[in-house]
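Secondary and tertiary structure notes
The residues making up each chain are set out below.
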Amino acid sequence: MAQHDTDPATILGQIRWPLRLTRLGMTAERGVRAFWPLWSVIIATLAVLMLGLQDLVSVEWVWGAGLVAAVLGLCSLVYGVRRFRLPPEEAALARLDNSLKGHPIQAALDRQAVGATDTASLAVWHAHQQRMRDRLAAARAVEPDLRVASSDPFALRYVALVALSVAILFGSLMRVQSVTTMGAGGPDLAQGPAWEGWIEPPSYTQLPSVYLNDITAPGLDVPEGAQITLRMYGEVGALSVSETVSGTGETGVDPTETAQDFEVVQSGELAIDGQGGRVWQVAMIPDQAPEVARDGEIETTYEGESRIPFTATDDHGVVAGNARFTLALDEVDRRYGREIAPESRPALEVPLPMPVAGDRSDFSELLIENYSLHPWANLPVRLELQVEDDRGQTALSQVEVLDLPGRNFFDPVASALVEQRQALLWNRQNARDVAQIVRTILHRPDSLFRDEAQAETLRGILASLEEAVPEGLTDQQQADLAQALWDLALDLEEGDLDDARERMQRAQERLQEAMRNGASEDEIAELMQELREATDDYLRQLAREQQREREQNGDMAQQGDPQNMMEMSQNDLQRMMDRIQELMEQGRMAEAQEALEQLQRMMENMQITEGQGGQGQSPGEQAMEGLSETLREQQGLSDEAFRDLQEQFNPGQQGQQGQQSQQGQGQQQGQGQQPGQGQQPGQQPGQGQGQGQGQGQGQAENGQSLEESLADRQRALRDELSRQRRNLPGQGTAEGDEAAEALGRAEGAMDDAEQALRDGDLPGAISEQSEAMEALREGMRSLGEAMAQQQQQGGQGEQGMADGGNPGERRDPLGRNPGANGQTGTDEGLLQGEDVYRRARELLDEIRRRTGDAERPTAELEYLERLLERF
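Note that the structure is a prediction, hence the values are computed from the model and not measured.

1. With respect to the overall build of the protein
Counting its secondary structure elements, the protein contains 24 helices and 17 strands. Per-residue burial over the protein gives 38% buried out of 871 residues. Within the protein, counting contacts between residues at least 6 apart in sequence, those at least 24 apart form 71% of the total. Just so you have it, the protein exposes about 48,800 Å², and 50% of that area is on carbon and sulfur atoms.

Pasting the structure below:
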């Protein structure tokens, strides 16, 4: 080997650039680790200056912060200088050699220590040296490790970088110049003066901020209330601001101030005078004041809850509002207990409801409250609505005089007590007169009170009232006595069924008298409203009475002779009363009188019914339910036979299928199956459907195979169908005969399925079971047609009443009659009034509850989710 081949300079010449780059990287590593505190301080200081924080504080704070930054920078510099050392070439050579396989650099620089005179040994050495030098061609510079996490455990360098990033996005380098002009007599800048400006619209307008330096157009459209921010950099006085949009005039800030902020309250001119200045004509977009108004009729429920509709508008949205009720003293009937001046009471203020979601710029809402307990209930008041927008602008509606909605009492004693309660709250000086009237009511209480306890309660109220009269009522005594009178009036008003019937009859008599005397339309409307409310009260009491009878006597309690009863929906009653009012308004008093008498007869024979299991069902309905249960049982047997067939070809799947079957049957039982339905002959309650799940486990106890168990159940189901076929209604008609024939075919198919199961022929059994189910469905269709024909033929006679059942006993979740002949629709209207909203909320809550049940089948969950998306 030639001598120059072993020269270190020649060997290192092959890796000159990788070695230099590696050494440069090591220098960067040591520089970063030594000087990261210094550049962190510099970056943080620059970020603060770019954000313009120095313009927000006094010059003393700026110099103090500058001194702190200078001290930190000097300390960081000393720290870096003391720690920084240039890496030697040997260290770079060792790092590069360690990155190569076999350390070829060190091997190439080695010298042979022994065997230099041996030819064979020398040849081996030369070959080794050549391989190492060949590997030097693959040398690449080693990447530096610039991580300093061990030296900066709190990541202060990243804090500085984040601050600089924010400053780059939202700050400006020109703001750095302002620090050199702070204080009097600052030195001149090398560059000329500069400025920056922003317009920030109010947040509720949802408009973006505007950077004035980018606006070259001479005109600007700015929303009212926008904030204009201007910053001037350079020599103080080189730039000045003149504006007429803030409305401050000459009382504003000094135009040479370097930092100016003002609000746009009017259209005008904005100008920056000086080098690089601009002028804009600002057109202010006014923020319109909101508007509010009453809209629609006020509705009041029987319990006194009122619904006051209103509308509100604003260009950017209403944020709040309230309704203010004040007593219209000049409109009050000042007789009796209201002759003296009323006690001073604050105005009644109620917050207005706002839309929870959606646009508030134009909306309609209902103020729903119950003011029955207020001292001004049913007295004239002045209603004024007020709304407010984000800017603080308010608007008032027109003052409207109306009677403060409250509950009306129809019982004479209850009405008298409520009147005395109001007199007591009007002014406590009425206490002596109130006590005298209460004592008058108690003079002969037997004919006025249903219960002696009610009279005793009133005596206690009277004693407390007379005891407090000499010294005068305190606020607490006044409130307690008023509440006691109210509670007793409610007890008397709600009363029992006889009282409700009496009030209804009294309202009917008053209406009849008005019809005979030729009352005005306003009197007719008032009396009709009284009749409606009394009728509603009677219906509520009638429902409560029947509920109490059922609880006392059980579900077998008789409701009366169905042939002498008449059932009507509340909508039918409403339509009849609307018709009576219409006839009276048209002057057709004779027809109205006849309609009213017809309504009285209907109310006397009316009953309210509710679902009572199977009670009141016709034979046809019972047969349809029995066949439906038989069809479900047959479907369950077919499913179990199919799972058994699957188990023969896919062992180990039975447990999973059984679990799914249990879930499905559990849901079926949860959907209204009544106790005792679907039982096979000889079974006890609790068997039936549950037998299917327990059969596989039961076979180990009785020694039967699964096929034999299924065959026994199939035979029991066939016997049940045979019994049902013998008792099938509608026999003798064409449709009834078709139903019996179809059920006969189903019975034969069940017999064949039983034999196939005993023979172990599961495919044949499943085929026969399918035929049985199809025949069952055909029989049920024919039976439904036979029942429909019977109802059409005898729907108006006694037979129709017997077979038709009570249409109010079974209703779907929406309150409609489902029918008894297989119909899935009805011409009957849905529930009306508050019931429909209550029922809709209940159904929606139930759908949400079932959607949250992860154990339900996937298909059902998807269906429920589609319902929620739609409704």
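2. Here's the deal with the pairing of strand β7 (residues 268–273)
Sheet topology note: the strand β5 (residues 240–243)/β7 ladder contains 4 bridges and is antiparallel. Within the sheet, the bridge partner assigned to S242 lies in β7 and is A271. Count of turn residues in the β7/strand β8 (residues 279–285) antiparallel hairpin: 5 residues, of which G274 carries a positive phi of about 130°.

3. Some words on the sheet that holds strand β3 (residues 219–223)
Strand order in the open sheet formed by 4 strands is β3-β8-β7-β5, with mixed pairing between adjacent strands. The sheet terminates laterally at β3 and β5, the two strands that pair on one side only. In this sheet, neighbouring strand axes are inclined to one another by 25° on average, regardless of whether the strands run parallel or antiparallel. For β7 and β8, the ladder comprises 4 bridges, and the chain directions are antiparallel. Each residue of the ladder has a partner; that of A271, found in β8, is V279.

4. Notes on helix α20 (residues 734–758)
At 3.6 residues per turn, the α-helix brings residues three or four places apart onto the same side. The end-to-end C-alpha separation of α20 is 37 Å, in line with the 36 Å expected for 25 residues at 1.5 Å each. All buried positions along α20 are accounted for by G736, A739, A742, L743, A746, E747, A749, M750, A753, E754, A756 and L757. Two residues or fewer past α20, G760 is found with a positive phi of approximately 80°.

5. Description of empty space enclosed by the protein
Scanning the entire structure with this criterion turns up 2 cavities of 30 Å³ or more. In this model, the largest cavity occupies a volume close to 50 Å³. Taken together, P193, M232, Y233, G234, E235, V236, G237, A238, L239, T256 and T258 form the lining of the largest cavity. Residues belonging to the lining of the largest cavity are distributed by class as follows: 6 nonpolar, 4 polar and 1 charged.

6. A short note on the packing of aromatic side chains
Overall, the coordinates contain 6 aromatic pairs when judged by the stated rule. A centroid spacing of 6.4 Å and a plane angle of 80° characterise the contact between F310 and F363, whose relative ring orientation is edge-to-face. Here F363 lies in strand β14 (residues 362–370) and F310 lies in strand β11 (residues 305–313), a separation of 53 residues in the sequence. The same class applies to F310 and to F363, which are both buried. Considering the side-chain rings of F409 and W486, the 5.3 Å spacing of their centres and the 85° angle between planes classify their relative orientation as edge-to-face. Pair noted here: F409 is in the loop between β17 (400–403) and α8 (412–426) and W486 is in helix α11 (residues 475–494), with a separation of 77 residues, a long-range link.

7. Considerations on unusual backbone geometry
Even without glycine at this site, Q206 takes up a positive phi of about 60°. Exposure remark for Q206: the relative accessible area of 73% places this residue in the exposed category. A positive phi angle, near 60°, is found at Y336, a position not held by glycine. Within the fold, Y336 resides in the loop between β12 (318–327) and β13 (348–351). Judged by relative accessible area, which is 58%, Y336 ranks as exposed.

8. Examining a negative patch on the surface
On the surface, E303, D451, D487, D491 and E494 cluster together into a negatively charged patch. With respect to the secondary-structure elements, E494 resides in helix α11. Relative accessible area serves as the criterion here: at 32%, E494 is assigned to the partly exposed category.

9. Some words on the sheet that holds strand β4 (residues 227–233)
Taken in spatial order, the 4 strands line up as β2-β1-β4-β6 in an open sheet, and their pairing is antiparallel. Edge positions in the open sheet fall to β2 (210–211) and β6 (259–263), since each of these has one partner strand only. As paired strands, β4 and β6 are joined by 5 bridges and run antiparallel to one another. When the bridges of β6 are listed, T229 appears paired with D261.

10. Here's the deal with helix α6 (residues 119–135)
Counted at 1.5 Å a residue, the expected span for α6 with its 17 residues is 24 Å, and the 25 Å between its end C-alpha atoms agrees. Within the sequence span of α6, burial applies to Q129, M132 and R133. Considered in projection along α6, the buried side chains sweep an arc of 95° and stay on one side of the axis. Relative to its buried face, α6 has exposed residues pointing more than 90 degrees away, namely T119, A120 and V124. Against α5 (104–109) lie the buried residues of α6.

11. Notes on the pattern of salt bridges
Close approach of charged atoms allows side chains with opposite charge to pair. Tallying each qualifying case throughout the model produces 30 salt bridges. In this structure, R745 engages E741 in a salt bridge whose closest nitrogen and oxygen atoms are separated by 3.9 Å. Remark: E741 and R745 occur in helix α20; sequence separation between them is 4 residues, near one turn of the helix. Taking relative accessible area as the criterion, R745 reaches 38% and is therefore assigned partly exposed.

12. Things to note about the packing of α8 against α11
Two quantities define a packed helix pair, namely the angle between the helix axes and the distance between the axes. Running from amino to carboxyl end, α8 crosses α11 at an angle of 165°, the nearest separation of the two axes being 8 Å. Considering the angle they form, α8 stands roughly antiparallel to α11. Seen along the crossing, α8 lies across α11 with a hand that is left-handed. Between α8 and α11, the residues in contact are V413, A414, L417, V418, R421, L424 and L425 and Q478, L481, A482, L485, W486, L488, A489, L492 and E493, respectively. Across the contact of α8 with α11, the residue classes tally to 13 nonpolar, 1 polar and 2 charged.

13. A look at the nonpolar core
Counting residues in hydrophobic clusters, the biggest one holds 30 residues, and the most contacted among them are L627, L721, L728, L776 and L783. Breaking this core down by element, the ones donating at least two residues are α16 (619–649), α19 (706–726), α20 and α21 (762–794). Ranked by residues supplied to this core, first place goes to α21 with 10 residues. Residue contacts for L721: discarding those within four places in its chain leaves L627, L743, A746, E747, M750 and L776. A414, A431, A435 and L465 belong to the second-largest nonpolar core, a separate cluster that totals 28 residues.

14. Regarding the confidence of the model for the protein
On average, residues of the protein score 78 in pLDDT, and 78% of them are at 70 or above. Here helix α22 (residues 798–804) stands out as the least confident element of the protein, with mean pLDDT 39; strand β15 (residues 380–389) is the most confident, with 96. Contacts for the low-pLDDT stretch residues 183–190, under 50 throughout, to residues beyond four places or in other chains number 9 contacts. Low pLDDT (under 50) marks residues 555–566, which in the prediction has 20 contacts with non-local residues, meaning those over four places away or in another chain.

Rules behind the numbers
Residues numbered from 1 in each chain as written. Predicted model: local features only at pLDDT ≥ 70, side-chain atom pairs only at ≥ 80, totals over all residues. Heavy atoms only, no water. Helix = DSSP H or I, 4+ residues; strand = E, 2+ residues; numbered from the N terminus. Buried < 20%, exposed > 50% of the residue type's maximum accessible area, 1.4 Å probe, protein only. Contact = heavy atoms within 4.5 Å. Areas by Shrake-Rupley, 256 points an atom, 1.4 Å probe, with all protein chains shown as cover. Pairing = 2+ DSSP bridges. Axes fitted to C-alpha atoms, helices over the stretch in contact; angles between N-to-C directions. Expected span 1.5 Å × (residues − 1). 1 Å grid on protein atoms, 1.4 Å probe; cavity = no way out; pocket = protein on both sides within 12 Å on 5 of 7 lines; lining within 4 Å. Points joined across faces, edges and corners; volume = space filled by probe spheres on them. Nonpolar A, V, L, I, M, F, W, Y, C, P; charged D, E, K, R; others polar. Phe/Tyr/Trp six-rings, centres within 6.5 Å; stacked < 30°, edge-to-face > 60°. Patch = residues over 30% accessible without salt bridge, like charges linked within 9 Å, V, L, I, M, F, W, Y side chains within 5 Å. Salt bridge = Lys/Arg side-chain N within 4 Å of Asp/Glu carboxyl O. Lys, Arg positive; Asp, Glu negative; His and termini not counted. Charge placed at Lys NZ, Arg CZ, Asp CG, Glu CD. Arc of directions from axis to C-beta. Parallel < 35°, antiparallel > 145°, perpendicular 65-115°, else oblique. Left-handed = near helix turned anticlockwise from the far one by under 90°. Core = buried A, V, L, I, M, F, W, Y, C linked by side-chain atoms within 4.5 Å. pLDDT = per-residue confidence, 0-100.

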